[in-house]
Structures are given as C-alpha cells and as structure tokens.
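One letter stands for each residue in the lines below.
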Amino acid sequence: MFEHLDRASLATTPTALERGPIVGGGARLWVKRDDLTGLGGGGNKARKLEFLCGDAQRVGARALVTVGAAQSNHCRMTAAAGARLGMEVHLILAGDEPETATGNQLLSSLFGAQLHFTGAAESHWGELEIAREALTNQLADGGLEPYSIPIGGSTAIGALGYAAGFVELVDQCADRLMMPSTVVFTSSSGGTHAGMLAGRAALIAAGRVVPDVIGIGVAKGVNIGRPDVAELANETLDLMQLPDVRVDPADVEVDIRWIGDDYAVPAEAGDEAIRWAATNGGWLLDRTYSGKGLSGALGLADEGRFGNSDVVFVHTGGWPALFAADGVPA
Ligand SMILES: *Cc1c(COP(=O)(O)O)cnc(C)c1O
C-alpha cells in the first residue's frame, strides 16, 4: 500500500501500545504512544512528515516552510525534520514574538528554524495560510526551492502517515488477539482523521476486522467538516493506488463537545484529563490537543459508548506546550 511512495525515515515506529486502567462503563483503555514517535520530542506529525519530507526530497526542495499556532507541535517537528534532513526551515506562527521563547517555540529555535511572527490570532488559520504562501513565494524568488506545507501537514501526502499508522495499530492489536471496538484521538486540522479512515477503508477492503474511529474535535476555526475529511481520505486512497476503495462522509465522526470555548483555550474537562493521565499512567498531555482529546474519550466511556470493550486512545503528543506560559493547569 505504501511501498511505492517516497518516505523519509524520521519516526520511531511501531510506537508502543500500552494497557491503561479500566474506565467508565468498564471499558478497557489502551494508549497508543504516538507521543513517542521520536522526532524532535515526538507526536503525531512525525508520521505525516515522513511522507511530506519524502516528497520534498523527491522534488529537490532545499527548504521547508510551514505554519501553525504560536505553540505549534507541527512546526516544532518540521523544524526537527529539517535539521535531520539538512534543509532550512521557516515557520509562520500566530501571535507576536515573545520576550522569552518557551515550549515548542524554544525547541523550534533550538532545531535551527527561523520563526516568523504574524501577530495573527490563534484560530485565524486563513490569515496564517496567506502569510505562508507569501513567504513561500518570497523564498522561491530568492532561489531557495521551498517545499511549503499547509497547517498541520494535512494534505493527502501527510495523511498517508496515519493511513500507515492505522494499519500499524490494527496489526499490533491483532498480534495481541485483541480488537478494540473504537479508536479515539484528538482531531484538529483533519489530516490524522483522514489518514486513519483511509487506512481503515483499505483494511476493510482487504477483509480485515477494524475498529470504529472517533475524532475529538478541538478546533472550530478551520471548520474541517465531514465532507472535507472524507475527500482528503479519498485523495489519500488514490495515492495508495486504491481508487476503488472509498470513505463516505457518514464514516467521519467528530465529537466537538470537548473543545470548551475555542481552539487553544483551556477547558475544565481537558485540564481534568491532564491531571488524570499524569496520575493514572504517567502520561503527559497538553491543554490544546491531547488533554481535550482524552477528556472526550473518558467522557464517551462514562456515557457508556464503549460498554466494557477495549478502546484505544491514540496519544498524539503535545507535551512541550506544558512548558509554555500557563501550560500546566493550576
Ligand atoms: C496536530 C495535533 C493534533 C491534531 O492532528 P490533525 O491532523 O491536525 O487533526 C492532535 N494532537 C496534537 C498533540 C497535535 O499536535
């Protein structure tokens, strides 16, 4: 499914699948440790960047340009990928340049990336994307041959990383003679979700038993809806040379009840989940993504959604944001 595709070796995979405690309704929680993908502190973007950077190398790019929120994990991991592959990295970020860099920004600088602050609000992704395009054109005019990556790396090429990641997870479960009813994870720009659904559809077409997939939505600014995710999944299946395998918009389940007030605004339930994960498993979650994502998984368990089945929470990372201002809940 993936052998014909260009891929840079950046992530440490397969990531561990750890057993967690019994949660609401008697569900058996498992945690897929995609926070430990290795690259520059780890997280879900490492899987996407393997295919994105493979493509960048194929076209002979010498620089990577990407964009994100002020504390973007995707930007931090792109910075690390550039460091590994010998490519210059430019990051377009929301907000203004802080007096002292913290968290992901500190790490992005350490990896040698150049940070460009736009002053844009955290959830104004359209404004950020325009700034990315402008900088990409400027660098191209300067002869740098930049490879420009949209927010979250959520193109069909990036989503390939989670198609492969989903196959990895299902194989890992099958090896343990355990098949979860559901895989739950934190969804923002939709690429992780699209990739998982593409991988799931490919496995169904191959006659395999697969779990359901639920994304816990933590961003409304982008408004990635069901048709968008299905379309992205289908483009991903095209790249996998499976044009007859399709994802239907009805297969896309995004639960947006756990976002709180907005993207990157801490929520009470998310903060509670951060404390729960830290004290029940030694897991590090963040306030923008994985904390809210786990609050959704635990909340759904409490509602009886999973019964007493096995459920996998894919831990997509984000711990460096704990070391940003107000990164740890009080
Ligand atoms: C980017 C990110 C997500 C969401 O992934 P998308 O593909 O953008 O939906 C979830 N968790 C963390 C920690 C992230 O950095």
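What you see is a predicted model, and the numbers here were worked out from it, not measured in a lab.

Colleague: In this structure, what is going on with the nonpolar core? I would like to understand it.
Modeller: For soluble globular proteins, nonpolar side chains are generally found buried alongside one another. Ranked by internal contacts, the top residues of the largest apolar core, which has 39 residues, are Phe 2, Met 196, Leu 237 and Met 240. At 11 residues, helix α5 (residues 156-175) tops the list of elements feeding residues into this core. Aside from chain neighbours lying at most four places away, what touches Met 196 is Tyr 162, Ala 163, Phe 166, Val 183, Phe 185, Val 213 and Val 314. Ala 46, Leu 52, Cys 53 and Ala 56 belong to the second largest nonpolar core, which has 23 residues in total.

Colleague: Whenever I open this one, the site of the ligand confuses me. Can you help?
Modeller: Inspection of the region around the ligand gives 16 residues, with Lys 45, Lys 48, Ser 189, Thr 192 and Thr 316 positioned closest. The separation between an oxygen atom of the ligand and a polar side-chain atom of Ser 189 is 2.5 Å. In isolation the ligand has 380 Å² of accessible area, and contact with the protein removes 98% of it. Elements that contribute at least two residues to the shell around the ligand include exactly α1 (45-58), β7 (182-187) and α6 (191-205). The residue inventory of the shell around the ligand, partitioned by class, reads 1 nonpolar, 13 polar and 2 charged. Two domains each donate at least three residues to the shell around the ligand, and these are domain 1 (17-43 + 162-323) and domain 2 (45-153).

Colleague: Help me understand the sheet that holds strand β2 (residues 28-32), please; the structure alone is not making it clear to me.
Modeller: Whether parallel or antiparallel, the strands of a sheet pair through hydrogen bonds between backbone atoms. Taken in spatial order, the 6 strands of this open sheet run β1-β2-β10-β7-β8-β9, and their pairing is mixed. Each end of this open sheet is capped by a strand with a single partner; those strands are β1 (17-22) and β9 (254-255). Relative to strand β10 (residues 310-314), β2 runs parallel, the two being bridged by 5 bridges. The residue bridging Arg 28 from the neighbouring strand is Asp 310, located in β10. Packed onto the sheet, α6 meets β7, β8 (212-217), β9 and β10 and runs at close to 175° relative to β8.

Colleague: Honestly, the domain arrangement of the chain in this entry has me stumped. Any pointers?
Modeller: A common measure of how large an interface is: the accessible area buried when the components associate. You can read the domains of the chain as domain 1 (17-43 + 162-323) and domain 2 (45-153). Distance from the C-alpha centre of domain 1 to the C-alpha centre of domain 2: 24 Å. Contacts between the two partners involve 26 residues from domain 1 and, on the opposite side, 23 residues from domain 2. In total, domain 1 and domain 2 occlude about 1900 Å² of area from one another, counting both sides; carbon and sulfur atoms represent 63% of this. Summed over the shared surface of domain 1 and domain 2, the number is 2 salt bridges. The shortest N-O distance in the salt bridge between Arg 47 and Glu 168 comes to 2.8 Å.

Colleague: What is the right way to look at helix α9 (residues 290-302) in this model?
Modeller: The periodicity of an α-helix, 3.6 residues per turn, causes residues three or four positions apart to be oriented the same way. Taking 1.5 Å per residue, 13 residues should reach 18 Å; α9 reaches 18 Å between its end C-alpha atoms and fits that length. Buried residues dominate α9, accounting for 12 of its 13 residues. Of all the positions in α9, only Ser 290, Gly 291, Lys 292, Gly 293, Leu 294, Ser 295, Gly 296, Ala 297, Leu 298, Gly 299, Leu 300 and Ala 301 are classed as buried. Elements in contact with the buried residues of α9: β7, β8, β9, α8 (268-281) and β10.

The rules behind these values
- Residues numbered from 1 in each chain as written.
- Predicted model: local features only at pLDDT ≥ 70, side-chain atom pairs only at ≥ 80, totals over all residues.
- Heavy atoms only, no water.
- Core = buried A, V, L, I, M, F, W, Y, C linked by side-chain atoms within 4.5 Å.
- Buried < 20%, exposed > 50% of the residue type's maximum accessible area, 1.4 Å probe, protein only.
- Helix = DSSP H or I, 4+ residues; strand = E, 2+ residues; numbered from the N terminus.
- Contact = heavy atoms within 4.5 Å.
- Near = heavy atom within 4 Å.
- Polar contact = N/O pair within 3.5 Å; in protein donor to acceptor, adjacent residues only side chain to side chain.
- Areas by Shrake-Rupley, 256 points an atom, 1.4 Å probe, with all protein chains shown as cover.
- Nonpolar A, V, L, I, M, F, W, Y, C, P; charged D, E, K, R; others polar.
- Domains from an automatic or database assignment.
- Pairing = 2+ DSSP bridges.
- Axes fitted to C-alpha atoms, helices over the stretch in contact; angles between N-to-C directions.
- Buried area = accessible area lost by both parts, 1.4 Å probe.
- Salt bridge = Lys/Arg side-chain N within 4 Å of Asp/Glu carboxyl O.
- Expected span 1.5 Å × (residues − 1).

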